[in-house]
Amino acid sequence: MNRPVSALVYGDVNLNILDGSAIWVQSMTEALSRCGVSVRVLLKAPIETPRLVDPLRSLAGVRVVDPFTESMAVGRRPLPAPEAVRILESLDATERADLVVVRGLRLVTAASSSSLAGRLWTYLTDIPQSPLEFTPEALEQLEAIAEASRFMLCQTEELRDLLEAMVPAACGRSVLWSPVVPEPTFSLPMRPALEGRTTPIQLVYTGKFAPLWNTLPMTRLPALLAEQGIDAELHMIGDKIHDVPDDPDWSRRMREALEGSPGVVWHGGMPRQSAMQLTAAADLGLSWRAPQMDASLELSTKVLEFGALGVPALLNRTPMHEHLLGADYPLFVADESDIVAAIAQVVTQPQVYADALAAATASAEAFSMGHPVPPSDPALLDLPFYAPTPWPDVPNFRQRAEACYQAMFALARTVLRAFALHLGVTPDFFDQLSRNTYSNMRLIHYPPQETVAHITDVGVRPHEDQGLITLLIQDMNGGLAVRGPDGEWLPVVPSTAAAVLNGAQLLTRWTNGRY
């Protein structure tokens, strides 16, 4: 293949409205563009505001397809799923796509029986989140979708496990696609300390306005805080107000609250970087949702974005959030009174805010590099997710890093051949399964800690690696620990003569639990 990899992207979302689904289209398109993929993004609705479309048009190799001005759509109504699939097939007939990234259950269901089947990269959020929610009809629908998909993109390992457990055809097709947070194009601001603040505490919410997202009770927070002597402003960003069939008056009440609640500043929709800049100026972010959302196997991109911008979030205590932030994260909340109490605490106790901020932001410094091969290598031309490693301007850094990588990579292949011999298969068994590797090396500096009195003092939280194997070379400071089958944490003593070997999740899957 001498041409760039070609992709079609359709999110079944209205890009005139700022919400998480629209942000997903932007993030997916940007990720593909950065990997050198030629991307065509199909719009669902006529352009009313360019604030979300223009950033897509500015990306390298991206073409925004407007079916309403290019005589592809019938009328001016947003595309129903069958019509969107018809237009995607037409675009594919003009220029065949190597992959077709689609989101939305109705859209993916329609695409599964189309000529696009087999090349679909499906991303589903509107599916059951627990085994008890799967009906026979839902299982049949998802089985058909899985069979038509090249990949099923799962935001979390928990969602992938659920899909593969309930939908046999999803096995081998389900892959992790973690939320993507873009880099800000601005410098993060310095915020004044909360303690003794003479200006209002700044709260921020971005996204859709819907009952399960608790956006209506959020608008009462400035008034509730004022009753406790705390001056606060709540900045709300977004313009998608949901209609609620069971409560036809809800959207009117929501709009009135946005427009007239004391201390609430409604900014409407805005470009993502502008929304991020406004968010970065806030002291606290709101990602508090109704209890019905606690069982979700998805992770809010907004929580990650808050952390990337240095803004601690007030959010529900869920297993997903505890895994991300730690069980003792100080800003878990369940209702309005919890939020008021948490804000009162961070205003009077600076260490609480510092702990929340430390948990919300990365505590490790790292440099990552990919497999060091020439960009013109023929083996890469058919693969969409290779991109050149950005190198710092440090003398001899690249040469030394690549030499270290090659030595570690050779050792990893030797280890995998030993595993193959132990399994009774040919020595090159794993070599054949990983010819075009996505391996990478991370050079990580964890700030030294004399004592570890708090979960936020650790450099990286407990986790499992997701590839085949990880080889780790420690310095002599120590700090690494491994949890044994009994749950006890065992220290790994550093040695200059040894590398630590971690068997990862893919090795466990490929060997049916032998390792």
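Residues numbered from 1 in each chain as written. Predicted model: local features only at pLDDT ≥ 70, side-chain atom pairs only at ≥ 80, totals over all residues. Heavy atoms only, no water.

A. Structural detail: the overall build of the protein. In terms of helices and strands, the protein carries 17 helices and 18 strands. When the 515 residues of the protein are sorted by exposure, 45% land in the buried category. (Helix = DSSP H or I, 4+ residues; strand = E, 2+ residues; numbered from the N terminus. Buried < 20%, exposed > 50% of the residue type's maximum accessible area, 1.4 Å probe, protein only.)

B. Quick peek at the environment of Pro131. Within the secondary structure, Pro131 sits in the loop between strand E5 (120–123) and helix H5 (136–148). Setting aside residues no more than four positions away along its own chain, Pro131 makes contact with Leu162 and Met166. (Contact = heavy atoms within 4.5 Å.)

C. How the structure looks around H5. Counted at 1.5 Å a residue, the expected span for H5 with its 13 residues is 18 Å, and the 19 Å between its end C-alpha atoms agrees. Taken together, the buried positions of H5 are Ala138, Leu142, Ile145, Ala146 and Ala148. The arc that holds the buried residues of H5, viewed along the axis, is 165°, so those residues lie on one side. The exposed set on the far side of H5, more than 90 degrees from its buried face, consists of Pro136, Glu137, Glu140 and Glu147. Residues of H5 that are buried make contact with helix H4 (105–112), E5, strand E6 (149–154) and helix H6 (157–166). (Expected span 1.5 Å × (residues − 1). Arc of directions from axis to C-beta.)

D. Region of the structure containing the sheet that holds strand E11 (residues 284–287). One open sheet holds the 5 strands; their spatial order is E10-E9-E8-E11-E12, and the pairing between them is parallel. The sheet is open, and its two borders are formed by strand E10 (264–268) and strand E12 (313–315), each paired with just one other strand. Neighbour to neighbour, the strand axes of the sheet diverge by 25° on average, direction disregarded. Looking at chain direction, strand E8 (residues 201–206) and strand E9 (residues 232–237) are connected through 6 bridges and run parallel. Bridge pairing in E9 places Ile201 opposite Ala232. Contacts from helix H9 (residues 250–260) reach E9 and E10 within the one sheet, and its direction differs from that of E10 by about 110°. (Pairing = 2+ DSSP bridges. Axes fitted to C-alpha atoms, helices over the stretch in contact; angles between N-to-C directions.)

E. Main features of the nonpolar core. The biggest cluster of nonpolar side chains holds 84 residues, and the ones touching the most others in it are Leu32, Leu314 and Ile343. The element contributing the most residues to this core is helix H1 (residues 20–34), with 7 residues. Excluding anything up to four places from it in sequence, Ile343 contacts Leu203, Leu225, Ile230, Leu284 and Leu314. Counting 38 residues, the second largest nonpolar core, distinct from the first, contains Ala84, Val102, Ala169 and Leu297. (Core = buried A, V, L, I, M, F, W, Y, C linked by side-chain atoms within 4.5 Å.)

F. Inspection of the packing of aromatic side chains at higher detail. Summed over all chains, the structure comprises 8 aromatic pairs. Ring centres of Trp121 and Phe151 lie 5.1 Å apart, and the angle between their planes is 85°; on these two criteria the pair is classed as edge-to-face. Linking Trp121 in strand E5 with Phe151 in strand E6, this pair joins segments that are 30 residues apart in sequence. Ring geometry for Phe419 and Tyr515: centres 4.5 Å apart, planes at 45°, overall tilted. Separated by 96 residues along the polypeptide, Phe419 in helix H15 (residues 397–423) and Tyr515 in the segment after helix H17 (505–510) bring together distant segments of the chain. Exposure remark for Tyr515: the relative accessible area of 25% places this residue in the partly exposed category. (Phe/Tyr/Trp six-rings, centres within 6.5 Å; stacked < 30°, edge-to-face > 60°.)

G. Structural detail: the environment of Thr109. Its place among the elements puts Thr109 in helix H4. Residue classification places Thr109 among the partly exposed positions, given a relative accessible area of 32%. A sequence separation of 13 residues divides Thr109 from Thr122, and the C-alpha atoms of the two residues are 10.0 Å apart. Here Thr109 is in contact with Gln141 and Ile145, once residues within four sequence places are set aside.

H. Spotlight on the sheet that holds strand E3 (residues 62–65). In space, the 7 strands of this open sheet follow the order E3-E2-E1-E4-E5-E6-E7, with parallel pairing throughout. Each edge of the open sheet is held by one strand with a lone partner, namely E3 and strand E7 (174–176). Here the strands of the sheet are splayed against their neighbours by 25° on average, with no regard to which way each runs. In the packing of H1 onto the sheet, the strands contacted are strand E1 (6–10), strand E2 (38–42), E3, strand E4 (99–103), E5 and E6, and the crossing angle to E4 comes to about 165°.

I. Up close: unusual backbone geometry. Notably, Asp12 is not glycine yet its phi reads approximately 50°, a positive angle. When you line up the elements, Asp12 lands in the loop between E1 and H1. Phi is positive for Asn396, which is not a glycine, with a value near 65°. One can find Asn396 in the loop between strand E13 (365–370) and H15. On the accessibility criterion, Asn396 (44% relative accessible area) is partly exposed.

J. Local environment of empty space enclosed by the protein. Using the criterion set out here, one finds 4 cavities of 30 Å³ or more in the structure. Of the volumes computed, that of the largest cavity is approximately 130 Å³. Every residue lining the largest cavity is listed: Ser287, Arg289, Met293, Asp294, Ser296, Glu298, Leu299, Ser300, Asn316, Thr318, Met320 and His321. (1 Å grid on protein atoms, 1.4 Å probe; cavity = no way out; pocket = protein on both sides within 12 Å on 5 of 7 lines; lining within 4 Å. Points joined across faces, edges and corners; volume = space filled by probe spheres on them.)

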